[in-house]
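One letter stands for each residue in the lines below.
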Amino acid sequence: MLFNSYIFIFIFLPLTLLGWYVLNRQKMYKYANIFLAGMSLWFYGYFNAYYLTVILVSISLNYGLSFLLTRISPESSRAKLWNRTGLFAGILLNLGILFYFKYYDFFIENINLVFQTDFTLKKILLPLGISFFTFQQLSFVIDRCLGKCEHYSFINYVTFVTFFPQLIAGPIVLYKEMIPQFEDTGKRSFDASSFSRGIYLFVLGLAKKVLLADTFALMANYGFAQTFSLDSISTIAVILSYTFELYFDFSGYSDMAMGLGKMFNIDLPVNFNSPYRSCSIKEFWQRWHITLSRFFITYVYIPLGGSRKGYLRMLLNTFIVFLLSGLWHGAAWTYVAWGAMHGVMVVWDSLGIIGVEGRDEKRPCRFHIPAWLGWLFTFSLFNLSLFFFRSQSMAGALQLFKNLFSGKFTGKIYEVAAQLDISEIYVIRQAIDMVLPDMINYLYLIFMFLLFALAFYLVFRPNAYERAMRGELTSRRCWIISILLIWCIVSLSQVSTFLYFNF
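Residues numbered from 1 in each chain as written. Predicted model: local features only at pLDDT ≥ 70, side-chain atom pairs only at ≥ 80, totals over all residues. Heavy atoms only, no water.

**Topic: the overall build of the chain**
Our working definition: Where helices and strands are cited, they refer to DSSP runs of H or I of at least four residues and of E of at least two residues respectively, numbered from the N terminus. In this treatment the radius of gyration is a C-alpha quantity, and the globule benchmark scales as 2.2 Å times the residue count to the 0.38 power. Burial classes: relative accessible area under 20% of the type maximum marks a residue as buried, over 50% as exposed, and values in between as partly exposed (1.4 Å probe, protein chains only). In this description, contact between two residues means that some pair of their heavy atoms is separated by no more than 4.5 Å. Where accessible areas are quoted, they stem from the Shrake-Rupley method and a 1.4 Å probe; at the residue level, only the protein chains shown are allowed to cover.
Helix and strand content of the chain: 21 helices and two strands. Relative to a compact globule of 503 residues, whose C-alpha radius of gyration would be 23 Å, the chain shows 24 Å and is just as compact. In terms of overall dimensions, the chain has a C-alpha envelope of 85 × 55 × 55 Å along the principal axes. Classification of the 503 residues of the chain by burial places 55% in the buried group. When contacts within the chain are restricted to residue pairs at least 6 apart in sequence, long-range pairs at least 24 apart make up 74% of them. Per element, the accessible surface of the chain, about 23300 Å² overall, is 66% carbon and sulfur.

**Re the environment of Ile297**
In this structure, Ile297 sits in helix α12 (residues 290-301). For Ile297 and Leu451, which are 154 residues apart along the polypeptide, the C-alpha to C-alpha distance reads 36 Å.

**Section: the layout of surface pockets**
Convention followed: Lining residues are those with an atom within 4 Å of a point, where the points come from a 1 Å grid over the protein atoms alone and group into cavities, where a 1.4 Å probe fits but cannot get out, or pockets, open sets with protein on both sides within 12 Å along at least five of seven lines. Grid points are joined across faces, edges and corners, and a volume is the space filled by probe spheres set on the points.
For the second largest pocket, the calculated volume is near 770 Å³. In terms of lining residues, the second largest pocket is bounded by 28 residues, among which Leu95, Phe135, Phe296, Val300 and Leu324 are the most central. Listing elements by their share of the lining of the second largest pocket, those giving two or more residues are α4 (79-115), α5 (130-145), α12, α13 (311-329) and α14 (333-350). With eight residues, α4 is the largest single contributor of residues to the lining of the second largest pocket.

**What about a nonpolar patch on the surface?**
Applicable threshold: Any residue with relative accessible area above 30% and no salt bridge may belong to a patch, with like charges joined within 9 Å and the nonpolar Val, Leu, Ile, Met, Phe, Trp and Tyr side chains within 5 Å. The rule for a salt bridge is simple: a side-chain nitrogen of Lys or Arg has to be within 4 Å of a carboxyl oxygen of Asp or Glu.
Taken together, the side chains of Met434, Val435, Leu436, Met439, Tyr442, Ile446 and Leu450 make up a nonpolar region of the molecular surface, amounting to roughly 770 Å² of accessible area. Those elements that provide at least two residues to the nonpolar patch are α18 (426-435) and α19 (440-459).

**Let's talk about empty space enclosed by the protein**
Throughout the structure, instances matching the rule amount to one cavity of 30 Å³ or more. Roughly 40 Å³ of volume is contained in the largest cavity. Taken together, Pro275, Tyr276, Ser278, Phe284, Thr378, Phe379 and Phe382 make up the lining of the largest cavity. The element that contributes the greatest number of residues to the lining of the largest cavity is helix α15 (residues 371-390), accounting for three residues.

**Regarding unusual backbone geometry**
Residue Lys123 is not a glycine yet carries a positive backbone phi of 50 degrees. For Lys123, the location among the structural elements is in the loop between α4 and α5. What makes Lys123 exposed here is its relative accessible area of 64%. Not every positive phi belongs to a glycine, and Asn265 is a case in point at roughly 60 degrees. You can see Asn265 is positioned in the loop between α10 (232-263) and α11 (281-285).

**Remarks on the pattern of salt bridges**
Applying the stated criterion across every chain yields a total of nine salt bridges. For the salt bridge of Asp267 with Lys187, the shortest nitrogen-to-oxygen distance reads 3.7 Å. Taken as a pair, Asp267 in the loop between α10 and α11 and Lys187 in the loop between α8 (175-183) and α9 (192-225) lie far apart in primary sequence, 80 residues in all. The exposure class of Asp267 is partly exposed, given its relative accessible area of 36%. For Lys262, the salt bridge identified is with Asp267, shortest N-O distance 2.9 Å.

**What to know about the nonpolar core**
This is how it is decided: Working definition of a nonpolar core: buried Ala, Val, Leu, Ile, Met, Phe, Trp, Tyr and Cys residues. They are joined through side-chain atoms within 4.5 Å.
Ranked by internal contacts, the top residues of the largest apolar core, which has 96 residues, are Phe3, Phe8, Phe160, Phe164, Phe202 and Phe264. With ten residues, the top contributor of residues to this core is α9.

**Quick notes on the side chain of Thr378**
Quick reminder of the rule: In the analysis that follows, any N or O atom pair within 3.5 Å is treated as a polar contact, provided that within protein one partner can donate a hydrogen and the other can accept it, and provided that, for residues neighboring in sequence, both atoms belong to side chains.
Considering the arrangement of structural elements, one finds Thr378 in helix α15. There is a polar contact of 3.0 Å between the side chain of Thr378 and the backbone nitrogen of Ser280. Filtering out sequence-adjacent residues up to four positions away, Thr378 remains in contact with Ser278, Cys279, Ser280, Ile281 and Phe284.

**Brief notes about the environment of Gln286**
Take Gln286: it is sitting in the loop between α11 and α12. You can call Gln286 exposed: its relative accessible area is 53%. Residues Gln286 and Pro303 lie 17 residues apart in sequence; the distance between their C-alpha atoms is 20 Å.

**A word on the packing of helix α2 (residues 29-45) against helix α3 (residues 49-70)**
To keep things clear, this is the line we draw: Axis definition: a line fitted to C-alpha atoms, over the contacting stretch in the case of helices. Angles run 0 to 180 degrees between N-to-C directions. Roughly parallel here means an angle under 35 degrees, roughly antiparallel means over 145, roughly perpendicular means 65 to 115, and every remaining angle is called oblique. Lys, Arg, Asp and Glu make up the charged group, whereas Ala, Val, Leu, Ile, Met, Phe, Trp, Tyr, Cys and Pro make up the nonpolar group; the residues left over, Gly among them, are polar.
Interaxial distance between α2 and α3 falls to 8 Å at its minimum, and their mutual angle equals 125 degrees. Relative to α3, the element α2 is oriented oblique. Between α2 and α3, the contacting residues are Leu41, Tyr44 and Gly45 on the first element and Ala49, Tyr51, Leu52, Ile55 and Leu56 on the second. Looking at the contact of α2 with α3 residue by residue, the classes come out as seven nonpolar, one polar and no charged.

See below:
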């Protein structure tokens, strides 16, 4: 089930909110959790009932491992051995499930390529959100084995894993952020302020996805399907289209997830904090997919030694984290290349050769550049990295680099812009087509430039979370939200999935 669908907005969400608050009002807290977990499983299973088997098996095995650890007294001489065994088993279990569903065919393809073998690919259907709920449970199991958290009731654990706002595409929440909220009866009452801010956040996120991301996707999808025929200008237009599609898609989902959480009076962590304002790649990763970065720092970077084992080891650990981050996003060498490129850029930032005025004043750097120049370098390099991230093959990514630096202009930009043949400009298009038909291509081109200008404007404006948390919801803001909601609902006939569903 998608957030941007009629069944979710008009059936699933009202029923879930009603059941949650009615049961909690009757102080039936356990049944409220069971109800919420059941509805979340319906939300997940709506995509494919087969997915339910995968997530329920994963939940059962991880909870069973946590339960086994309760059978051993902390004072027992064997407690340390049991915890180490549980840690190994938990990591093997979760990464094994993730490997089988996400990376098995990729691994076999490369074995066949290197050793000239002919092992059969399984063509395994990738369950939605498996990377997210696997990492979420992995963090719980690791902390359980290290004695950093306690064992919880089964229904609380299921609710923690399956809570539908964050189930499919994050944020990757921690048990200490979520389970205490589900156990807090004070958060079970309806809170008008939290609910209204939740609606505000949800609608702004919905607008980002439906009105902006899906519009940019028209140009991006066309352009990446025409990789080998693009010229320099059209390549820039296509990659900018994908850059903003990705931004408003992921930002929109994050806003909707937090908004839905607030409707249930549950606070989800901020996962996306205006990363396109960043003036360095290091700052970018402090703003983009924040909970994924947190996971890798906590459970990979620090266990590898972090910065405790010398400067060179710190740089190597940083690069490994980004290499794994790339692989986490997808089973393809293009994602590995994307992660490696970001790893190199973050390592370069860590060397302290060039700093940004006003951003790196506390860090010793040999040279400082203006913030605007740091932003330009950061934004440009991120766009270049998306050649790998979006391309279906390394050959396609390399072709885009060739296109960009070829200096050719073939007029392909008009074809890219013409993909913006959307209903919102129907009247203008018809008028121009009747009066000045030769100018129709310029209409699309002007609309494309206006769309890019709007995107840059929104990037540097306060983001949705900042707006929602700031001040009261005035009548003007309510009118704007109402108009955006109606506009989005009318546009839902062109519904599309979120990009991070693929990861």
